[in-house]
Amino acid sequence: MKWIQLESEAQLAELATLSEQTPVLIFKHSTRCYISKTVLKNFENTYREDDKVATYFLDLIAFRAISNKIAEDYQVVHQSPQLIVIYKNEVIYHASHSDIDADAVLKAVNAKL
């Protein structure tokens, strides 16, 4: 997948602006967690990349403050692993652990476009 690494709070502001025109997917991943690694691999194997969606990857261990800011800004309780899709600066889909589903992501996105 063509992940954009999410590494700064400045990127969160850019992401919010981008989401006005383009759905933004954020995958929050713990590099120390086997479950997170498994869920990430499964997602990457089933997600059909779509030019309509910007895909961001957040390493929770290295950038926990950014994860906390996402939870605060979008009122989504922190989980790991977690996938959040934002469109027009609102959460249109979120799931964690084994509930993360590539088809559900695309359905949520297509319902809003």
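Residues numbered from 1 in each chain as written. Predicted model: local features only at pLDDT ≥ 70, side-chain atom pairs only at ≥ 80, totals over all residues. Heavy atoms only, no water.

**Q** Got a sec to walk through the pairing of strand 2 (residues 24-29)? Specific residues and values, please.
**A** The two faces of a sheet get side chains in turn, since along a regular strand they alternate between them. Among the 6 residues of strand 2, 6 are classified as buried, and the element is accordingly described as predominantly covered. Two elements, strand 2 and strand 3 (residues 54-59), share 6 bridges in a ladder whose sense is parallel. Counted as the bridge partner of Ile26 is Tyr56 from strand 3. At this point the chain moves from strand 2, through helix 2 (residues 34-46), to the parallel strand 3, and the crossover so formed is right-handed. Sheet topology note: the strand 2/strand 4 (residues 82-87) ladder contains 5 bridges and is antiparallel. Along strand 4, the bridge assignment pairs Lys28 with Gln82. (Buried < 20%, exposed > 50% of the residue type's maximum accessible area, 1.4 Å probe, protein only. Helix = DSSP H or I, 4+ residues; strand = E, 2+ residues; numbered from the N terminus. Pairing = 2+ DSSP bridges. Right-handed = clockwise from strand over helix to strand, strands pointing away.)

**Q** How would you sum up the sheet that holds strand 2? Please name residues and give values.
**A** Strand order in this open sheet of 5 strands is 1-3-2-4-5, and the pairing throughout is mixed. Each having just a single partner strand, strand 1 (4-5) and strand 5 (90-96) make up the two edges of the open sheet. Against the sheet, helix 1 (residues 9-18) engages strand 1, strand 2, strand 3 and strand 4, with an angle of about 155° to strand 3. The sheet strands contacting helix 4 (residues 102-112) are strand 2, strand 4 and strand 5, and the helix crosses strand 5 at an angle near 170°. (Contact = heavy atoms within 4.5 Å. Axes fitted to C-alpha atoms, helices over the stretch in contact; angles between N-to-C directions.)

**Q** Give a detailed account of unusual backbone geometry, specifying residues and quantitative values.
**A** Between Ser80 and the following residue, Pro81, the backbone shows a cis peptide bond with an omega angle of 0°. Here Pro81 shows up in the loop between helix 3 (64-74) and strand 4. Positive phi is not limited to glycine here, since Gln75 has a value of about 55°. Here Gln75 is to be found in the loop between helix 3 and strand 4. When its relative accessible area of 67% is taken as the criterion, Gln75 is described as exposed. Positive phi, close to 50°, is recorded for His97, a residue that is not glycine. Take His97: it is sitting in the loop between strand 5 and helix 4.

**Q** Got a sec to walk through the packing of helix 1 against helix 3? Specific residues and values, please.
**A** Put simply, helix 1 and helix 3 touch, their axes get as near as 10 Å, and they point 35° apart. Pair helix 1 / helix 3 crosses with right-handed handedness. Judged by residue contacts, Glu9, Leu12 and Ala16 of helix 1 engage Ile66, Lys69, Ile70 and Tyr74 from helix 3. Each residue belonging to the contact of helix 1 with helix 3 can be placed in one class, and the counts come to 5 nonpolar, no polar and 2 charged. (Left-handed = near helix turned anticlockwise from the far one by under 90°. Nonpolar A, V, L, I, M, F, W, Y, C, P; charged D, E, K, R; others polar.)

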